[in-house]
Amino acid sequence: PVPGRQAGQNFFRYDRVFGERSTTGQVYSETSGEIVGGVCGGLNGTIFAYGQTSSGKTFTMQGSGSIEDGAAPASSLEGGGIVHMAARDIFGHIEKDPMRVFLVRVAFIEIYNEEVRDLLVTG
């Protein structure tokens, strides 16, 4: 609860605010890395980008890079977004434990103007 709540006013608490010079790698490390670690341990996880139009949500999630960029080692990942980084870490974890059976399920959705769109469905 936010102390001092007043009728007619909204207050929000943030864990972290990133400046315009922050890299996607910094955002991933400080917001999503722990979620991905939990997923690798068997928990469900959600990474959610929220903000006004043109605030950089798509770029942060998808990056400017290709799938190949996402497969690059963390130190050279220049164009990949959070999706690339999460996939790299999840499949890197799977590769390290060949005796374990993993089931990976993902969903990519967009909510825009109160409409939900599945980004993995064509058409």
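Our subject is the structure listed above.
Criteria and cut-off values
- Residues numbered from 1 in each chain as written.
- Predicted model: local features only at pLDDT ≥ 70, side-chain atom pairs only at ≥ 80, totals over all residues.
- Heavy atoms only, no water.
- Helix = DSSP H or I, 4+ residues; strand = E, 2+ residues; numbered from the N terminus.
- Expected span 1.5 Å × (residues − 1).
- Bend = angle between axes of the 7 residues up to and from the residue.
- Buried < 20%, exposed > 50% of the residue type's maximum accessible area, 1.4 Å probe, protein only.
- Contact = heavy atoms within 4.5 Å.
- Core = buried A, V, L, I, M, F, W, Y, C linked by side-chain atoms within 4.5 Å.

Asks: Looking at this structure, how should I read helix H1 (residues 24-40)?
Replies: Given 3.6 residues to a turn, an α-helix orients residues that are three or four positions apart in the same direction. Relative to the 24 Å expected for 17 residues at 1.5 Å per residue, H1 spans just 21 Å between its end C-alpha atoms, considerably shorter than the ideal helical length. At Ser 32, H1 shows its strongest bend, of approximately 55 degrees. Turning to H1, its buried residues are Thr 24, Val 27, Tyr 28, Ser 32, Val 36, Gly 38 and Cys 40. Residues of H1 that are buried sit in contact with helix H2 (57-62) and helix H4 (82-96). Positioned one or two residues after H1, Gly 42 has a phi angle of 105 degrees, which is positive.

Asks: Would you take a moment to explain the nonpolar core for this structure?
Replies: Across soluble globular proteins, nonpolar side chains show a tendency to be buried alongside one another. Grouped together as the largest cluster of nonpolar side chains are 9 residues: Val 27, Tyr 28, Val 36, Cys 40, Met 61, Ile 82, Met 85, Ala 86 and Ile 90. Elements with a contribution of two residues or more to this core: H1 and H4. Contact partners of Met 61, with chain neighbours within four places excluded, come to Ile 47, Ala 49, Gly 81, Ile 82 and Val 83.

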